[in-house]
Amino acid sequence: MLDTTPSLDLERLQLSPHDVERRKAFVGLKADDVERIRSIKDLFLPNADRYIAVFFDHLAGIEEAARLSGNYRTLEEAQRLEHEHLIAMMQGDYGRDYMEQRVRLGMLYSRAGLDVRILLGAFHVLMRALGTEIMKHFAKDPLQGFDAFISVKKIGFLDIGLTVDVLIAERERIISVQQDAIRELSTPVLQVRDRLLILPIIGIIDSMRAKQLTDDLLHSIRANRARIVVMDITGVAAVDSKIANHLIQTVAAARLMGASIIVTGLSADVAQALVGLGVDLSSIRTMNDLQGGLEEAERQLGYKIVRLENSPPALEQA
Amino acid sequence: MATDKTHVPIDHDVDIVAARRRARELATQVGFSGSDLTIIATAISEVARNIVVYANRGEIVLSAVQRGNQRGVLVVARDEGPGIPDIPRAMRDGFSTGKSLGLGLPGARRLMDEFEICSEVGKGTTITMRKWIRQ
Amino acid sequence: MAVPILKQGDMLIASIQSDLSDEDLEKLRDDVAERVGRFKSLGVIIDVSILDVMDSFATRMLRTIGDTTKLRGAKTVIVGIQPEVAIAMVQLGLTLDGIPTALDLEEGLRLLKISITERHRGN
């Protein structure tokens, strides 16, 4: 099983004190906003549960959020963390702990499979509930109420920004782990005879895979003390000039290690097209197919395949 | 993010070896591996030698850098030597045969991801190079 | 740091032990030339397996060693270029321009023996 355990890497998420200040600047959060938020905290602190419930009730009604709502332990932890977070938000202390809390919640939602669309919707529902309460309280002075609400929205947007960043970072991290696993599995180097390696390449070669291939091949040459490598590219999806140039470099590198590479499966058409694109294929030895390449390699290594006089008879069908 | 800089003075050809070694250490810390380590060390060898051969002395400053969530190394090679009168030509002259003495610069550029050169005749040369961990 | 050069019959084997400075490489070039002349060696092996960087200067020196030994009637084989070093050299555009290379000492000796035998046969 792939280890896709998330880690709380704040540096990677750009949460240095400097980054935090920039995030505040991006939403325009200033000292008077913090004052305003603190001044209305008593509207929410006593009934924080009610507002948290609004958030999670909304999610409970969404099918795609079932993994969160349906998992008692995850839901409980999320509710607890959001509760703490709402309290911290209203008290106006937005330091490192506040940010870590937000990141932890983001990781939790990521693990529960919640994506940006769902979270933005729930965020809106919560904001609306907070806003409604604020406007009610400032019924006699709606402009002040609006200002207070705007201040709350600023920190809210800072929060949702963080959550989205965490979701994105987690998604990228998982993809990267999966890609590494695929790369490791994708190209076996086979030792066929003493000093002879076969490398059958199949599929799409991007620059990362090409680099991996060359690395693996050269290390195999050293490990197996190979003198000849037959590299079969019949199965390569598309051979363009970039791949061809990478191939040429690989051949040159192998030569520096005393090994020669025979490339098989490069069709005449493709070869002609590459030459037309200005690729110099003169340094590559090619044969039509793997069989031909193998025979040539064996010949060079001094092997001769001889059929024995009394080879065993073919197995009879049962 | 900590940007510790490593200064390697380049006065003598043995300093080229020192610069390579420090670069490899830093690159390893940043998270580079395998052939990238060798590639970075080789590029530094080329610019360091440049300093020794053409400017007699200078320095190479190494540091870890970050751009977004990409990590990499930053190499600044500077000297107060004679400067390069014709930069485009210096960047063209080359390495393909390796027979010409060449300035090692086009080679270093090929190896690194980012390469900038700033030079003034009579004042000196500063080369800035970066390589990023491929994600 | 001087590179130790061992004589094995008609062959000379130079085993580089650590990262070499430019001066060290120049000394190696001179030492090899001197010994080939003195011993009338037929083959030289230079083992670079310890080097973790081969830059333009080192490559040029190795080519020079190959050329000078050829002038004195010997053949040089470079052995032990490591995978990462080979990749960096190729990306940098460095070649050893006709000087044979082999994986390691054993392969290098095998190559030299073959080419020396062929040369004798040719005479």
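Residues numbered from 1 in each chain as written. Chains lettered and ligands numbered in written order. Predicted model: local features only at pLDDT ≥ 70, side-chain atom pairs only at ≥ 80, totals over all residues.

S.K.: Please clarify how the overall build of chain B should be interpreted in this entry.
M.R.: Of regular secondary structure, chain B possesses four helices and five strands. Residue burial in chain B is summarised as follows: out of 135 residues, 41% are buried. Contacts in chain B between residues far apart in sequence, at least 24 positions, make up 62% of those at least 6 positions apart. (Helix = DSSP H or I, 4+ residues; strand = E, 2+ residues; numbered from the N terminus. Buried ≥ 20, exposed ≤ 12 C-beta atoms within 10 Å, placed from the backbone. Contact = placed C-beta atoms within 7 Å.)

S.K.: Any chance you could explain unusual backbone geometry here in plain terms?
M.R.: What is expected of a backbone is that most residues other than glycine have negative phi and most peptide bonds are trans. At R195 of chain A, a position not held by glycine, the phi torsion is positive, near 75 degrees. Take R195 of chain A: it is sitting in the loop between β1 (190-193) and β2 (196-203). A positive phi angle is found at K40 of chain C, which is not glycine, with a value near 55 degrees. With respect to the helices, strands and loops of the structure, K40 of chain C is situated in the loop between α1 (22-39) and β3 (43-47). Its 11 C-beta neighbours within 10 Å are what place K40 of chain C among the exposed residues.

S.K.: Would you take a moment to explain the confidence of the model for chain B for this structure?
M.R.: As a general rule, the predicted coordinates of low-pLDDT regions are not to be interpreted in detail. All names here are of chain B. Across chain B, pLDDT averages 87, with 89% of residues at or above 70. Highest mean pLDDT in chain B belongs to strand β5 (residues 124-132) (96); lowest belongs to helix α3 (residues 87-92) (81). Residue range residues 95-100 is modelled with pLDDT below 50. Its contacts to residues more than four positions away, or to other chains, number 15 contacts. Scoring the predicted complex yields pTM 0.69 and, for the interface, ipTM 0.94. (pLDDT = per-residue confidence, 0-100.)

S.K.: I'm lost on helix α10 (residues 241-256) of chain A in this one. Help?
M.R.: Residues separated by three or four positions in an α-helix point in the same direction, a consequence of the helix having 3.6 residues per turn. Compared with the 22 Å implied by 1.5 Å per residue over 16 residues, the 23 Å span of α10 of chain A between its first and last C-alpha is a close match. Of the residues making up α10 of chain A, those classed as buried are I243, A244, L247, T250, V251, A252, A253, A254 and L256 of chain A. Buried residues along α10 of chain A sit in contact with α9 (207-224), β3 (228-236), β4 (260-264) and α11 (268-276) of chain A together with α3 (83-92) and β5 (101-102) of chain C. Positive backbone phi, at 80 degrees, marks G258 of chain A, one or two positions downstream of α10 of chain A. (Expected span 1.5 Å × (residues − 1).)

S.K.: Sorry, what's going on with the nonpolar core here?
M.R.: A general trend in soluble globular proteins is that nonpolar side chains are found buried together. Membership of the largest hydrophobic core comes to 104 residues, with the highest contact counts inside it found for V229 and M257 of chain A, I40, I44 and A48 of chain B together with A86 of chain C. Looking at this core element by element, the count peaks at 10 residues for helix α2 (residues 35-55) of chain B. With residues near it in sequence (within four places) discarded, A48 of chain B still touches I10, D15, I16, A19, I60 and A77 of chain B. Grouped together as the second largest cluster of nonpolar side chains are 32 residues, M89, L114, A122 and I134 of chain A included. (Core = buried A, V, L, I, M, F, W, Y, C linked by C-beta atoms within 7 Å.)

S.K.: So what exactly am I meant to see when it comes to the interface of chain C and chain B here?
M.R.: A common measure of how large an interface is: the accessible area buried when the components associate. Listed by partner, the interface residues are 20 residues for chain C and 23 residues for chain B. Among the elements that take part in the side of chain C that touches chain B, α3 of chain C stands out by supplying six residues, more than any other. Looking at the side of chain C that touches chain B, its residues break down into seven nonpolar, six polar and seven charged. (Nonpolar A, V, L, I, M, F, W, Y, C, P; charged D, E, K, R; others polar.)

S.K.: Would you mind showing me how to read α1 of chain C here?
M.R.: Residues and elements named next belong to chain C. Taking 1.5 Å per residue, 18 residues should reach 26 Å; α1 reaches 26 Å between its end C-alpha atoms and fits that length. Restricting attention to buried positions, one finds in α1 the residues L25, L28, V32, R35 and V36. The buried side chains of α1 occupy one side of the element, clustering within an arc of 100 degrees when seen end-on. Away from its buried face, by an angle of more than 90 degrees, α1 presents the exposed residues E23, D30, E34 and R38. The inward-facing, buried residues of α1 abut β1 (5-8), β2 (11-15), β3 and α2 (56-71). In the segment just after α1, K40 is the residue with positive phi, at about 55 degrees. (Arc of directions from axis to C-beta.)

S.K.: What am I meant to see in the pairing of strand β3 (residues 70-79) of chain B here?
M.R.: Two faces make up the sheet, and in a regular strand the side chains alternate between them. Residues and elements named next belong to chain B. Where strand β2 (residues 58-67) meets β3, 10 bridges bridge the pair, whose relative direction is antiparallel. When the bridges of β3 are listed, L62 appears paired with V75. What sits between β2 and β3 in their antiparallel hairpin is a turn of two residues, with G68 showing a positive phi close to 65 degrees. Examined bridge by bridge, β3 and β5 share eight bridges and lie antiparallel to one another. (Pairing = 2+ DSSP bridges.)

S.K.: I would appreciate a short explanation of the sheet that holds β4 of chain A in the present structure.
M.R.: Backbone hydrogen bonds are what pair the strands of a sheet, in a parallel or an antiparallel way. Residue and element names in this part refer to chain A. Ordered by their spatial adjacency, five strands build an open sheet running β1-β2-β3-β4-β5, and the pairing between neighbours is mixed. The two strands at the open ends of the sheet, each matched to only one other strand, are β1 and β5 (285-287). Across the sheet, the mean angle from the axis of one strand to that of its neighbour is 30 degrees, orientation sign disregarded. The pairing of β1 with β2 spans three bridges and is antiparallel. Note on β2: the bridge partner recorded for R193 is L196. Of the strands in this sheet, β1, β2 and β3 are in contact with α9, which crosses β2 at around 165 degrees. (Axes fitted to C-alpha atoms, helices over the stretch in contact; angles between N-to-C directions.)

S.K.: I tried to follow the packing of α10 of chain A against α3 of chain C on my own but got confused; where do I start?
M.R.: Helix-helix packing is characterised by the crossing angle of the two axes and by the distance between the axes. Packing of α10 of chain A against α3 of chain C brings their axes to within 9 Å, and their N-to-C directions diverge by 130 degrees. One way to sum up the angle between α10 of chain A and α3 of chain C is to call them oblique. The chirality of how α10 of chain A crosses α3 of chain C is right-handed. Two secondary-structure elements touch here, α10 of chain A through Q249, A252, A253 and L256 of chain A and α3 of chain C through A86, I87, M89, V90 and Q91 of chain C. For the contact of α10 of chain A with α3 of chain C, a count of residues per class yields seven nonpolar, two polar and no charged. (Parallel < 35°, antiparallel > 145°, perpendicular 65-115°, else oblique. Left-handed = near helix turned anticlockwise from the far one by under 90°.)

S.K.: What exactly am I supposed to notice about the packing of α9 of chain A against α3 of chain C here?
M.R.: Two elements in contact, α9 of chain A and α3 of chain C, have axes whose closest approach is 9 Å; the angle formed by their N-to-C orientations is 130 degrees. Regarding the angle of α9 of chain A to α3 of chain C, the classification is oblique. The hand of the α9 of chain A/α3 of chain C crossing is right-handed. Two secondary-structure elements touch here, α9 of chain A through T214, D215, L218, H219 and R222 of chain A and α3 of chain C through P83, A86 and I87 of chain C. Residues belonging to the contact of α9 of chain A with α3 of chain C are distributed by class as follows: four nonpolar, two polar and two charged.

S.K.: What am I meant to see in the environment of E100 of chain A here?
M.R.: All names here are of chain A. Structurally, the position occupied by E100 is in helix α6 (residues 96-111). For E100, a count of 13 C-beta atoms within 10 Å corresponds to the partly exposed category. Sequence separation between E100 and L162 is 62 residues, and the spatial gap between their C-alpha atoms is 9.8 Å.

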